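Secondary and tertiary structure notes
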Amino acid sequence: MLVFMVFLLPDILWDVRDDFNTPSLHYARPFTFLVVFYVNYLYIIPKMLSKKHNLLWAIVCNTMLCFVASVILIGAHHIDWMSSPDKIPLDVSPISAKKINHINEPWHFKLIGFFSHDFVYMILTIGLSYAIRMSEIWSKLEKEQAAMNVERKDRELASLKSQLNPHFLFNTLNNIYALISIDQHKAQRAVHELSQLLRYMLYENKEKTILLECELLFVKNYIELMKLRLTSSTKLKVDVNETDGVGLQIAPFMFISIVENAFKHGVCADKPSFVDISIVVTASTVKCVVKNSYFPQKKSNSEASGIGIDNLKKQISILYPNRHTFEVICDDVTYTTILEIKL
């Protein structure tokens, strides 16, 4: 509807100024402008953008199109006046009636008049068709690009999660295996705790976000599982309250890699060690600080152990761009990880 109004408007404005408007020309103008618009919109522009033709081809086509349209308009005007040369049109104003002798001007003067008015409108019509078509194409491309980005991120997240779960399970089973030779009762309890964790991972891993309180409870359950293998030489301090941040949502498994890394590298059976875990929720921000003693592993083991932290960094950059800080502070004896997320 807007396009039709745009093409009718020039004809209305022309009626105010035109000294010799005719019935045929009154209908021919908007129809001709519409044809020029849609030929460009539906044929010339798509062909040019598909690279089947270049800009020069589009210019030649539009030049021919404008010439044909101008001939049609001149013909419509001339036919009416030839059929009734002695009649003044009903819509001619008194001022125009005084200038009726303008119709007896030579044909080439009329042609110049048409090109100075109608041809300008045709150029504007072509520009309007390009503007509308290009804006639609750009909008479509932006939507497609956004959809592709979302799909790419989903695939990457799915890949990262598929790596994280086996890595988590592998490390936990290693801990249970070590418990079997030390305390079978603890090992059995550990298997039970692990089954609870795996049940959570099986169901919550499918969701993009979960309740923050559920995620914190999952972390606490994992810590309880890890406590089974700790000796008296390890000091454990935990400040995690699963009732904090009630109602807030977070992506699953944002903290487990950090906590798991602390138990893996911060605990030594024959040396004094410590693990301090703190997760604090304030308003819409959650901050996880994990500090532990540092016992670097051999190169072969450290390469495999970095999977969890590397995956976590990638996930956070995808899920919370410009809404998180991740910092690692490491010296010879202490390893500190700080993760803050704005939910």
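Heads up: these notes are all about the structure in this document. Since we're looking at a predicted model, the values are computed, not measured.

What counts and how
- Residues numbered from 1 in each chain as written.
- Predicted model: local features only at pLDDT ≥ 70, side-chain atom pairs only at ≥ 80, totals over all residues.
- Heavy atoms only, no water.
- Helix = DSSP H or I, 4+ residues; strand = E, 2+ residues; numbered from the N terminus.
- Buried < 20%, exposed > 50% of the residue type's maximum accessible area, 1.4 Å probe, protein only.
- Areas by Shrake-Rupley, 256 points an atom, 1.4 Å probe, with all protein chains shown as cover.
- Patch = residues over 30% accessible without salt bridge, like charges linked within 9 Å, V, L, I, M, F, W, Y side chains within 5 Å.
- Salt bridge = Lys/Arg side-chain N within 4 Å of Asp/Glu carboxyl O.
- Contact = heavy atoms within 4.5 Å.
- Pairing = 2+ DSSP bridges.
- Axes fitted to C-alpha atoms, helices over the stretch in contact; angles between N-to-C directions.
- Parallel < 35°, antiparallel > 145°, perpendicular 65-115°, else oblique.
- Left-handed = near helix turned anticlockwise from the far one by under 90°.
- Nonpolar A, V, L, I, M, F, W, Y, C, P; charged D, E, K, R; others polar.

Scanning the protein chain from terminus to terminus reveals 10 helices and 7 strands. Relative to its 343 residues, the protein chain shows a buried fraction of 37%. Of the roughly 20,000 Å² that the protein chain leaves accessible, carbon and sulfur atoms contribute 63%.

Residues Phe67, Val68, Val71 and Ile72 make up a contiguous nonpolar surface patch of about 370 Å² in total accessible area. Mapped onto the elements, isoleucine 72 comes out in helix H3 (residues 55-83).

Topologically, threonine 234 is positioned in strand E2 (residues 234-240). Discounting residues that sit within four places of it in the chain, threonine 234 has contacts with Val267, Cys268 and Ser273.

A separate point is unusual backbone geometry. The phi angle of most residues is negative, glycine excepted, and most peptide bonds adopt the trans form. Residues other than glycine seldom take positive phi values, yet phenylalanine 253 does so here, at roughly 65°. Looking at the element boundaries, phenylalanine 253 is found in the loop between strand E3 (249-250) and helix H8 (256-266). Backbone geometry at asparagine 322 places phi at a positive 60°, although glycine is not the residue there. For asparagine 322, a relative accessible area of 82% corresponds to the exposed category.

Attention now moves to the pattern of salt bridges. Applying the stated criterion across every chain yields a total of 1 salt bridge. Its salt-bridge partner being glutamate 224, residue lysine 227 comes within 3.5 Å of it at the nearest N-O pair. Of this pair, lysine 227 and glutamate 224 are both found in helix H7 (residues 212-227), 3 residues apart, which corresponds to roughly one turn of the helix. Look at lysine 227 and you get partly exposed, because its relative accessible area is 38%.

What follows is about the environment of isoleucine 309. Positionally, isoleucine 309 belongs in helix H10 (residues 307-319). Contact partners of isoleucine 309, with chain neighbours within four places excluded, come to Ser257, Ile258, Asn261 and Phe326.

This part takes up the pairing of strand E6 (residues 324-330). Relative to strand E7 (residues 334-342), E6 is paired through 7 bridges, and the arrangement is antiparallel. Residue pairing across strands places isoleucine 329 opposite threonine 336, the latter belonging to E7. In this structure, the hairpin formed by E6 and E7 is closed by a connection of 3 residues.

Turning our eyes to something else, we now look at the packing of H7 against H8. Look at H7 against H8: their axes get within 10 Å of each other, and the N-to-C directions meet at 15°. Here H7 lies roughly parallel to H8, going by the angle between them. With respect to the hand of their crossing, H7 and H8 are arranged in right-handed fashion. Across the interface between the two elements, Phe218, Val219, Tyr222, Ile223 and Met226 from H7 touch Ile256, Val259, Glu260 and Phe263 from H8. Residue classes in the contact of H7 with H8 are distributed as 8 nonpolar, no polar and 1 charged.

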